[in-house]
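So the chains spell out like this:
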Amino acid sequence: DDWYEKFKYYKGYPVRGKVSIPPEPKPFSLTELATYKGDQEVLPTRVDAAIYLGIKGKVIDVSYGGKEMYGKGGPYHIFAGIDASVALAKMSFDEKDLNDRDTSLLTSDQLKVLDDWEKKFLNARCYPVVGFIAS
């Protein structure tokens, strides 16, 4: 508390945000996943409303650093709240691919693209896994 007081009041450093801890992973139905598009009420434990995206059975929180890309008005907002595995694998914004969850028909090249997206989300961007898609 003393350090907070010193930095905020004596040195005049502005507070830029707060620490937010992602929830423990849990199962998500597709209906529940669809409610996490970043336009719901912001919980007191969060900085921004949650934006979740499904990939390869995992549910990741892309609002941690990805709000501009996946939030309302962002170029990838179309992936918010869905299992985007097929669409990402095919690099597609087509409605059919956005609604398709069957990855068994993907080519080996498309599966590699999907693996690359997963690595980017989890390793490069470090988006937290907040759950898994329950069938």
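Everything below is about the structure printed above this text.
Residues numbered from 1 in each chain as written. Predicted model: local features only at pLDDT ≥ 70, side-chain atom pairs only at ≥ 80, totals over all residues. Heavy atoms only, no water.

*Asks:* Lay out unusual backbone geometry in plain terms, naming residues and giving numbers.
*Replies:* Even without being glycine, methionine 91 reaches a positive phi, approximately 55°. As for its placement among the helices and strands, methionine 91 is situated in the loop between α4 (85–90) and α5 (95–99). The exposure class of methionine 91 is exposed, given its relative accessible area of 58%. Look at cysteine 126: it is not a glycine, yet its phi comes out positive at around 55°. Summarising the element assignment, cysteine 126 is placed in the loop between α6 (108–124) and β4 (129–133). (Helix = DSSP H or I, 4+ residues; strand = E, 2+ residues; numbered from the N terminus. Buried < 20%, exposed > 50% of the residue type's maximum accessible area, 1.4 Å probe, protein only.)

*Asks:* So what's going on with the nonpolar core? Which residues, and what values?
*Replies:* It is characteristic of soluble globular proteins that their nonpolar side chains tend to be buried jointly. If you look at the biggest cluster of nonpolar residues, it comprises 20 residues, and the most contacted ones within it are Leu53, Ile55, Tyr70, Phe79, Leu88 and Phe121. Of all the secondary-structure elements, those providing two or more residues to this core are β2 (52–55), α4 and α6. Element by element, the count of residues in this core is highest for α4, at four residues. The residues touching isoleucine 55, leaving out its near neighbours within four places in the chain, are Ile60, Asp83, Ser85, Leu88, Leu114, Trp117, Glu118 and Phe121. Membership of the second largest hydrophobic core comes to seven residues, among which are Leu33, Ala50, Tyr52 and Val59. (Core = buried A, V, L, I, M, F, W, Y, C linked by side-chain atoms within 4.5 Å. Contact = heavy atoms within 4.5 Å.)

*Asks:* Describe in detail the sheet that holds β4, supporting the description with residues and values.
*Replies:* Each strand in a sheet pairs with its neighbour through backbone hydrogen bonds, running either in the same direction (parallel) or in the opposite one (antiparallel). Sheet architecture is open: four strands sit in the order β1-β4-β3-β2, paired in mixed fashion. Only two strands of the sheet have a single neighbouring strand rather than two, namely β1 (26–28) and β2. In this sheet, neighbouring strand axes are inclined to one another by 40° on average, regardless of whether the strands run parallel or antiparallel. Taken together, the three bridges between strand β3 (residues 58–61) and β4 define a ladder with antiparallel strand orientation. (Pairing = 2+ DSSP bridges. Axes fitted to C-alpha atoms, helices over the stretch in contact; angles between N-to-C directions.)

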